[in-house]
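Chain residues, written in single-letter form:
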Amino acid sequence: MIEDLAPESRDAGVPAHFGDPLREQRLLATEAGLVDRGNRGVLAIPGADRLSWLHSISTQHLTALRPGQGTETLFLSPHGHIEHHALVTDDGETTWLDVEPGTQSDLLAFLEKMRFLMRVEPADVTASWAVLSLVGPATAKIVELPAPAIAPVPGPKFAAGSVPPLPTSLYAVQPAFGGWARRGEFGVDLLVPRDAVDAVADELDVPRAGLWAYESMRVEARRARLGLETDHRTLPAEVDWTADAVHLEKGCYRGQETIARVHNLGRPPRRLALLHLDGIATDQLPPQGTPVTADGRAIGFVGTAVQHHELGTIALALLKRNISDETPLMVGESVAAIDPE
């Protein structure tokens, strides 16, 4: 039985599960499964100045990015707060941005304001391109992964290329959610024409998994999502995005002063933590934004809460940095504990 996410969900439009969310999690953890993430926004930016232009207005070093390479970047407010997060892949003619669902219109509006006389043509192509994610340790047996590129300095975060025998597809090969990298497991994000999604899925012939399974693995790996584990004042260092999405030695960009100050002085005001929750029923997970309290005082908020196939009920939360791992916490009426790892 396929169940779609509720229309009011930010992830509406893709399957939540295919009948057994916990079995689908185990599939992603031990083998490989295909997840429909077609609700994500996709921007395409052709034009001769695309990389130097994006380099000048985002946090990542992009001028040396070569065809078949990719990375992550952020677009910040003047005060250094995160406004947009994007995966970036270049194919030699077009730079593709893969962004959070529903954020592509605002990001495109910002890019249009910053065009000036640059030779770029940013466009929202979400209606014609979709993201699929092939996740799990068996990924390399299903698609041919490219050898790591000889990287310029700074190097790309992942490789990209066409998926044989699907030459219209692009993929970004990266450690799945970062945290899995230490176990040698990888995931592949496929950017495919929306009208070819079914054909690609049939060609890959991989069991399907829903977004609930994907999100559970993401929470386990402590990977933040914009708008869930972030708010209007979140700094990159608070959600561990500095290493992945910020180049600390590149030239000036909006919000750089705050990034440099936090990097040099250390100790951003908040930190991302994994919580174990006690006494919460599967169908009563705390919604995003639920306060986390200590001694009756709010010290942060829940981002994403999930039912994990091994860990039980867990959640990502953004907490005040001075809260120790041993502090007794509450989420609503439930006891919560910080995972010290």
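Check the entry above for the structure.
Just so it is clear, the model here is predicted, and its values are computed rather than measured.

**Student:** An account of helix α5 (residues 197-204) is requested, with residue identities and associated values reported.
**Tutor:** In an α-helix, one full turn covers 3.6 residues, which means residues spaced three or four apart are oriented alike. Along α5, the positions that sit buried rather than exposed are Val197, Val200, Ala201 and Leu204. Relative to the axis of α5, the buried residues are bounded by an arc of 100° and lie together on one face. Those residues of α5 that are exposed and aimed more than 90 degrees away from the buried face are Asp198 and Asp202.

**Student:** An account of a negative patch on the surface is needed here, citing residue identities and associated values.
**Tutor:** A cluster of acidic residues, Asp198, Asp202, Glu203 and Asp205, forms a negative patch at the surface. Turning to its location among the elements, Asp202 is positioned in helix α5. Overall, the relative accessible area of 61% leaves Asp202 in the exposed class.

**Student:** Now, about the sheet that holds strand β19 (residues 334-338): what can you tell me, with residues and values included?
**Tutor:** Read around the closed barrel, the 6 strands follow the order β14-β17-β16-β15-β18-β19; overall the barrel is antiparallel. Averaged over all pairs of adjacent strands, the angle between strand axes in this sheet comes to 40°, irrespective of strand direction. Note: strand β15 (residues 291-294) against strand β18 (residues 329-331), 2 bridges, orientation antiparallel. Bridge pairing links Val292 to Val331 in β18. Those strands touched by helix α6 (residues 211-220) are β14 (270-278), β16 (297-308) and β17 (312-320), and its axis lies near 130° from that of β16.

**Student:** Pulling in residues and values, what's your account of the layout of surface pockets?
**Tutor:** Approximately 750 Å³ is the volume attributed to the largest pocket. For the largest pocket, the lining is made up of 27 residues, of which Leu5, Trp212, Leu285, Thr304 and Ala305 are closest to its centre. Elements that contribute at least two residues to the lining of the largest pocket include exactly α1 (21-30), α6 and β16. Residue composition of the lining of the largest pocket, by class: 13 nonpolar, 8 polar and 6 charged.

**Student:** Give a description of unusual backbone geometry that names residues and reports values.
**Tutor:** You will see that Phe116, though not glycine, has its phi angle at about 50°, which is positive. Mapping Phe116 onto the fold places it in the loop between α3 (104-113) and β8 (123-124). Backbone geometry places Asp240, a non-glycine residue, at a positive phi of 60°. Residue classification places Asp240 among the partly exposed residues on the basis of a relative accessible area of 47%.

**Student:** Outline α6, supporting the account with residue identities and numerical values.
**Tutor:** Among the 10 residues in α6, 8 count as buried, and that is most of the element. Among all positions in α6, only Leu211, Ala213, Tyr214, Glu215, Ser216, Met217, Arg218 and Val219 are buried. Just beyond α6, the residue with positive phi is Arg222, at close to 60°.

How each quantity is defined
Residues numbered from 1 in each chain as written. Predicted model: local features only at pLDDT ≥ 70, side-chain atom pairs only at ≥ 80, totals over all residues. Heavy atoms only, no water. Buried < 20%, exposed > 50% of the residue type's maximum accessible area, 1.4 Å probe, protein only. Helix = DSSP H or I, 4+ residues; strand = E, 2+ residues; numbered from the N terminus. Arc of directions from axis to C-beta. Patch = residues over 30% accessible without salt bridge, like charges linked within 9 Å, V, L, I, M, F, W, Y side chains within 5 Å. Areas by Shrake-Rupley, 256 points an atom, 1.4 Å probe, with all protein chains shown as cover. Salt bridge = Lys/Arg side-chain N within 4 Å of Asp/Glu carboxyl O. Lys, Arg positive; Asp, Glu negative; His and termini not counted. Charge placed at Lys NZ, Arg CZ, Asp CG, Glu CD. Pairing = 2+ DSSP bridges. Axes fitted to C-alpha atoms, helices over the stretch in contact; angles between N-to-C directions. Contact = heavy atoms within 4.5 Å. 1 Å grid on protein atoms, 1.4 Å probe; cavity = no way out; pocket = protein on both sides within 12 Å on 5 of 7 lines; lining within 4 Å. Points joined across faces, edges and corners; volume = space filled by probe spheres on them. Nonpolar A, V, L, I, M, F, W, Y, C, P; charged D, E, K, R; others polar.

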